[in-house]
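Residue-level structural notes
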Amino acid sequence: MKSHRQELTFEVPSRRGFLNITDDVQRAVTASGIQEGLCLVNSMHITSSVFINDDEPGLHKDLERWLEGLAPHAPTAQWRHNDTGEDNADAHLKREILGRSVTVAVTKGRLDFGRWEQIFYAEFDGRRQKRALIKVLGE
Amino acid sequence: MKSHRQELTFEVPSRRGFLNITDDVQRAVTASGIQEGLCLVNSMHITSSVFINDDEPGLHKDLERWLEGLAPHAPTAQWRHNDTGEDNADAHLKREILGRSVTVAVTKGRLDFGRWEQIFYAEFDGRRQKRALIKVLGE
Amino acid sequence: MKSHRQELTFEVPSRRGFLNITDDVQRAVTASGIQEGLCLVNSMHITSSVFINDDEPGLHKDLERWLEGLAPHAPTAQWRHNDTGEDNADAHLKREILGRSVTVAVTKGRLDFGRWEQIFYAEFDGRRQKRALIKVLGE
């Protein structure tokens, strides 16, 4: 059995944004030397997500507007978490919709994906350095 | 260490539907010969989900109506993804609520489940062939 | 390859509540003797969740109120699942937002977490005994 651990770092210049990290994850799988296994990719923060969907700009606009409707940033006083001095309660909630992590099969050394699957890091509280963790297990 | 890969194929005749795939997944686990491990089951598409909940028809009606309220199909022009000529933006969003995949423990060769857990494939953009991937890792 | 299986049991005295189970999960990882691997933690029920977010009481109030807005308990007659005699349809829906399970990397025998990540069991239909499953795979 082999395992491989790697971090990715990001600094999204605005509060929210989506980054396609599929190639970074494939590079980590290749570096692992693992041919058959499972690959976990997770945000190491509680105000961002890792998710799999389409790399289509219109969809990303829809996702951002839709999440804003489900968990609005403003007025910030509506959320008790913001009583701590933070203004990011909505980011903690939005991240629950898209999820903390994805687990992807590795087959013959490749992310085992359908035609349109792409991995994204979704930032909901950016303008500072954040990290994602990649852990590959297999042989 | 052993690994096993298998695809399931579906063609849901309507736009939306839930299929209980628990027995299919157990058959894949049995075919793998793996006694102790983890089993990943994921949609290979970005407009459908794999999730675990109750096999109760009233709940499935609730899930469909609830998801339609959270991410409505119509009017299709409300979503920028549909500017590409698609009409399935809502399917990309609904799938984020139920999730892309489940990971299930395998113990003594069986899906290690509580009393009511059942695995479903949830279609949100059907009327064409779709696939789910099963990957079992363990020994 | 090693694997380890353990159950946690809970009885939340009210309908809804969040329990921080991070230390319990770390103890299971330590007991497993696994240094490098993956750790799955899942609810064994279909009306509760396991999720990762901040251990901040204001946020937990926000989460409860937010989920109640997205999937209201009352009026119970709005949900077809409750035609079976249950009153917990909303619990089945709320659990879809927070998710059934988390998968966490294990590195050098520890849950491989960012600074603020904590694991919670989220109960949406309490006042009776419930269980979560921990399965660790690795070596």
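Rules and cut-offs
- Residues numbered from 1 in each chain as written.
- Chains lettered and ligands numbered in written order.
- Predicted model: local features only at pLDDT ≥ 70, side-chain atom pairs only at ≥ 80, totals over all residues.
- Heavy atoms only, no water.
- Least-squares fit on C-alpha atoms with pLDDT ≥ 70 in both.
- Contact = heavy atoms within 4.5 Å.
- Buried area = accessible area lost by both parts, 1.4 Å probe.
- Salt bridge = Lys/Arg side-chain N within 4 Å of Asp/Glu carboxyl O.
- Polar contact = N/O pair within 3.5 Å; in protein donor to acceptor, adjacent residues only side chain to side chain.
- Helix = DSSP H or I, 4+ residues; strand = E, 2+ residues; numbered from the N terminus.
- Nonpolar A, V, L, I, M, F, W, Y, C, P; charged D, E, K, R; others polar.
- Core = buried A, V, L, I, M, F, W, Y, C linked by side-chain atoms within 4.5 Å.
- Buried < 20%, exposed > 50% of the residue type's maximum accessible area, 1.4 Å probe, protein only.
- Pairing = 2+ DSSP bridges.
- Phe/Tyr/Trp six-rings, centres within 6.5 Å; stacked < 30°, edge-to-face > 60°.

Concerning the relation of the copies chain B and chain A
Here chain B sits on chain A after a turn of 120° about the axis and a move of 0.0 Å along it, with an RMSD of 0.0 Å. Such a turn and shift between the copies fits a three-fold axis. Judged by C-alpha distance, Ile-97 of chain B is the residue of chain B that lies nearest the rotation axis, at 3.4 Å.

Examining the interface of chain B and chain C
Taken residue by residue, the interface counts 33 residues in chain B and 29 residues in chain C. Across the chain B to chain C interface the summed buried area is about 2500 Å²; carbon plus sulfur atoms make up 60%. Per-residue buried area on chain B facing chain C is highest for Leu-38, Asp-62 and Trp-66 of chain B; these three make up 22% of the total on that side. Its salt-bridge partner being Asp-112 of chain B, residue Arg-5 of chain C comes within 2.5 Å of it at the nearest N-O pair. On inspection of chain B and its partner chain C, the count reaches 14 residue pairs in polar contact (both at pLDDT 80 or more). The set of elements that each furnish at least two residues to the side of chain B that touches chain C consists of β3 (37-43), β4 (48-53), α2 (57-70), α3 (89-98), β5 (101-107) and β8 (130-138) of chain B. Looking at side-chain class alone, the side of chain B that touches chain C contains 16 nonpolar, seven polar and 10 charged residues.

Looking at the relation of the copies chain B and chain C
After a rotation of 120° and a shift along the axis of 0.0 Å, chain B superposes on chain C with an RMSD of 0.0 Å. A distinct binding surface is used by each copy, with only 18% of the interface residues of chain B retained as interface residues in chain C.

Digging into the nonpolar core
Core analysis: the largest hydrophobic core is formed by 49 residues, its most contacted members being Trp-66 and Ile-97 of chain A, Trp-66, Ile-97 and Leu-98 of chain B together with Trp-66 and Ile-97 of chain C. Setting aside chain neighbours within four positions, we find Trp-66 of chain B in contact with Ile-97 of chain B together with Leu-70, Ala-71, Trp-79, Leu-93, Glu-96 and Ile-97 of chain C.

Quick look at the pairing of strand β3 (residues 37-43) of chain A
Residue and element names in this part refer to chain A. Burial runs high along β3: seven of the seven residues are buried. Covered by surrounding structure in β3 are Gly-37, Cys-39, Val-41 and Ser-43 together with Leu-38, Leu-40 and Asn-42, the residues of both alternating faces. In the sheet, β3 pairs with strand β5 (residues 101-107) via six bridges, with the strands oriented antiparallel. For Leu-38, the partnering residue across the bridge sits in β5 and is Ala-105. The pairing of β3 with strand β8 (residues 130-138) spans seven bridges and is antiparallel. Residue pairing in the sheet places Leu-38 in a bridge with Leu-137 of β8.

Topic: the packing of aromatic side chains
Tallied over the entire structure, the rule returns nine aromatic pairs over all chains. Ring centres 5.7 Å apart and planes at 70° place the aromatic pair Phe-18 of chain B and Phe-51 of chain B in the edge-to-face group. Pair noted here: Phe-18 of chain B is in strand β2 (residues 17-20) and Phe-51 of chain B is in strand β4, with a separation of 33 residues, a long-range link. In this structure, Phe-18 of chain B and Phe-51 of chain B share a single accessibility class: buried. A centroid spacing of 4.2 Å and a plane angle of 20° characterise the contact between Phe-10 of chain C and Tyr-121 of chain C, whose relative ring orientation is stacked. Of this pair, Phe-10 of chain C sits in strand β1 (residues 2-10) while Tyr-121 of chain C is found in strand β7 (residues 118-123), placing the two residues 111 residues apart along the sequence. A relative accessible area of 9% means that Phe-10 of chain C is categorised as buried. Three or more aromatic residues link up through ring pairs in this structure, and these residues are Phe-18, Phe-51 and Phe-120 of chain A.

Examining the pattern of salt bridges
Across all of its chains, the model carries 51 salt bridges over all chains by this definition. For Arg-100 of chain A, the salt bridge identified is with Glu-117 of chain C, shortest N-O distance 2.7 Å. Within this pair, whereas Arg-100 of chain A is found in the loop between α3 (89-98) and β5, its partner Glu-117 of chain C is found in the loop between β6 (110-111) and β7, the two belonging to separate chains. For the pair Arg-100 of chain A and Glu-117 of chain C, a shared accessibility class is recorded, and that class is buried. A salt bridge links Arg-128 of chain B to Asp-125 of chain B; the nearest nitrogen and oxygen atoms lie 2.6 Å apart. One connected set of salt bridges, linked through shared partners, spans Arg-16, Glu-64, Glu-68, Asp-90 and Lys-94 of chain A.

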